[in-house]
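Reading the structure
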Amino acid sequence: MRVLVTSCPGFGHLYPLIPLSWALTNAGHDVLLALPDQFAQVGATTGLQAAAVGPVSIREVFANSNHALYSGNVTEALIEHVTEHYAKITRFTVSNVIGLAERWRPDAVMHTPWEYAGPIAAARLGVPLVRHTWGVALPAELAPAEAETLAPVHREHGFPDDPALEVDVCPPALQYPDAPSGLPMAYTAYNGSGVLPSWLFDPRTGPRICVTLGSVPVPGGEHDRVLRTVLRGLEKINAEVLVITGGGALDPGTVPANTRVVDWVPLNQVLKVCDAVVHHGGSGTTMTSLHAGLPQLALPQMCDQHRHADRAEAVGAAAKLVGDDITAESVRDHVQRLLGDPAPRVAAEKIRDEMRALPPPAAVVSSLTALVEAQS
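Here's a quick rundown of the structure. (Residues numbered from 1 in each chain as written. Predicted model: local features only at pLDDT ≥ 70, side-chain atom pairs only at ≥ 80, totals over all residues. Heavy atoms only, no water.)

Section: the overall build of the protein chain
Within the protein chain one finds 14 helices and 13 strands. The C-alpha radius of gyration of the protein chain comes to 20 Å, within 12% of the 21 Å expected for a compact globule of 376 residues. Counting only C-alpha atoms, the protein chain reaches 60 × 40 × 40 Å along its principal axes. Within the protein chain, residue pairs in contact and separated by at least 24 positions form 69% of the contacts whose partners lie at least 6 positions apart. Of the accessible surface of the protein chain, which amounts to about 15400 Å², a share of 50% is contributed by carbon and sulfur atoms. In the protein chain, the 26 positive side-chain charges and the 38 negative ones have mean positions that sit 5 Å from each other. (Helix = DSSP H or I, 4+ residues; strand = E, 2+ residues; numbered from the N terminus. Rg over C-alpha atoms; globule rule 2.2 N^0.38 Å. Contact = heavy atoms within 4.5 Å. Areas by Shrake-Rupley, 256 points an atom, 1.4 Å probe, with all protein chains shown as cover. Lys, Arg positive; Asp, Glu negative; His and termini not counted. Charge placed at Lys NZ, Arg CZ, Asp CG, Glu CD.)

Laid out in structure tokens, this is it:
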């Protein structure tokens, strides 16, 4: 069986696909990642084969955006963000994805939400479409807006079919109660690979807090202010603070004495030696933190960050601050509670255990195989 895997050019979109892609490969199937040009190199680092399908990157797409902290209707803001930016990527990739699919001839196409070229290619070839989620469900209001925005692309290249199967990696307790059901699969935390720094293996002398605001700073948002505020809030706390910048710049003069700054270390490896996480509410960071069983302080700014932060807060595994409520004092108070009160950790560990109890990726391969066999 050949499976073409399509994703937006973002770590939080691609990385959740990798464990099932590995499981397919380990079962003897062929997997090909179809990714925008610059991100195809990232795909190749996963140990899978990748093909480049268009000259576009997330940073380029976001270059002229202005997504500040949303204090109003976050669902409307999410819809605006997705239709304005991710739909734009499709115009750069759709012809190349269709062309690649027609030459490679996959038996199925697997894609993530907000990646729209893969579904068009699957319909053109008449093969099953599998949608692979990355976290909590998206609002139902998004689908009609996507269809309206993509109508010109669909009229030119063809209309997609509905997914024949949706792989859902969100544990039931974390999921929105009204979310549509899918094929459950355990979330496996994969955050890239690299040479781990030696200090990661050194004995700790006290608590360690991981701080990350994601791999792509929010354009027009308050990324820098929020990060500086967090560092001020944690400056006097009795713990080591580890900041992962994700390639962003941080003025050395603003770094407190108790803080270590790194550019990039796989988050799942770092969290093995941390006690709490302060983050932006991104899907990959939230899910990886829960996979590690760690309590969290979420500081969402945009898009689905609010939805992940809301659900993590609802199950008791996280606290949430937004907008003007993000102050040095509020950050310090919430983090001290995360370190001193066992309840958030217990709640996070409960979600972790539920994740682990779901079927692993290897068990889901048979469902994909059966889907293809039924349609062939």
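This is not the end of the story, as more comes after the structure.
Section: the nonpolar core
One finds Leu14, Leu20 and Leu33 to be the most contacted residues of the largest nonpolar core, which totals 40 residues. Sorting the residues of this core by element identifies strand E1 (2-6), helix H2 (18-26), strand E2 (30-35), helix H3 (37-44), strand E6 (165-168), helix H10 (283-291), helix H13 (342-357) and helix H14 (361-375) as the ones contributing at least two each. Once residues lying within four places of it in the same chain are set aside, the contact partners of Leu14 are Ser7, Leu33, Leu35, Phe39, Val42 and Gly43. Listed in part, the 22 residues of the second largest apolar core include Leu213, Ile237, Leu299 and Val331. (Core = buried A, V, L, I, M, F, W, Y, C linked by side-chain atoms within 4.5 Å. Buried < 20%, exposed > 50% of the residue type's maximum accessible area, 1.4 Å probe, protein only.)

Quick look at the pairing of strand E8 (residues 208-212)
Burial analysis of E8 places five of its five residues in the buried class, the great majority of the element. Covered by surrounding structure in E8 are Arg208, Cys210 and Thr212 together with Ile209 and Val211, the residues of both alternating faces. Sheet analysis places E8 next to strand E9 (residues 240-244), joined by five bridges and oriented parallel. Across the sheet, Ile209 pairs through a bridge with Val241, a residue of E9. Sheet topology note: the E8/strand E11 (residues 276-279) ladder contains four bridges and is parallel. From the neighbouring strand, Thr212 faces E11, where its bridge partner is His279. (Pairing = 2+ DSSP bridges.)

Considering the packing of H10 against H13
Remark: H10 packs on H13, axes separated minimally by 7 Å, with the N-to-C direction vectors making an angle of 90 degrees. As far as their axial angle goes, H13 and H10 are roughly perpendicular. Mapping the contact onto sequence places Met287, Leu290 and His291 in H10 and Ala348, Ile351, Arg352, Met355 and Arg356 in H13. For the contact of H10 with H13, a count of residues per class yields five nonpolar, one polar and two charged. (Axes fitted to C-alpha atoms, helices over the stretch in contact; angles between N-to-C directions. Parallel < 35°, antiparallel > 145°, perpendicular 65-115°, else oblique. Nonpolar A, V, L, I, M, F, W, Y, C, P; charged D, E, K, R; others polar.)

A look at the sheet that holds strand E3 (residues 49-52)
Pairing is parallel across the open sheet formed by seven strands, whose spatial order is E3-E2-E1-E4-E5-E6-E7. Strands with a single pairing partner mark the edges of an open sheet, and in this sheet they are E3 and strand E7 (183-184). Both E6 and E7 contribute to a ladder of two bridges, which runs parallel. Counterpart to Val167 in the pairing with E7 is Leu183. Packed onto the sheet, H3 meets E2 and E3 and runs at close to 175 degrees relative to E3. Packing against the sheet, helix H5 (residues 74-104) makes contact with E1, E2 and E3, and its axis sits at approximately 170 degrees to E1.

So, the packing of aromatic side chains
The final tally for this structure, using the stated rule, is seven aromatic pairs. Centroid distance Tyr86 to Trp114: 5.0 Å. Interplanar angle 45 degrees. Geometry classified as tilted. With a gap of 28 residues between them, Tyr86 in helix H5 and Trp114 in the loop between strand E4 (108-111) and helix H6 (117-125) connect regions that are remote in the sequence. Comparing Tyr86 with Trp114, the two get one shared label, buried. (Phe/Tyr/Trp six-rings, centres within 6.5 Å; stacked < 30°, edge-to-face > 60°.)

Examining the side chain of Ser283
With respect to the helices and strands, Ser283 occurs in helix H10. For Ser283, a relative accessible area of 8% puts it in the buried group. The contacts of Ser283, once residues within four sequence positions are left out, are Gly12, Trp134, Asp304 and His308.

Here we look at the pairing of E3
As paired elements, E2 and E3 share four bridges and run parallel to each other. Following the sheet pairing, Ala34 is matched in E3 by Ala51. Regarding topology, H3 serves as the crossover connection from E2 to the parallel E3, and that connection is right-handed. (Right-handed = clockwise from strand over helix to strand, strands pointing away.)

Overview of the environment of Gly206
Within the element layout of this structure, Gly206 appears in the loop between E7 and E8. For the pair Gly206 and Phe11, spaced 195 residues apart in sequence, the C-alpha to C-alpha distance is 31 Å.

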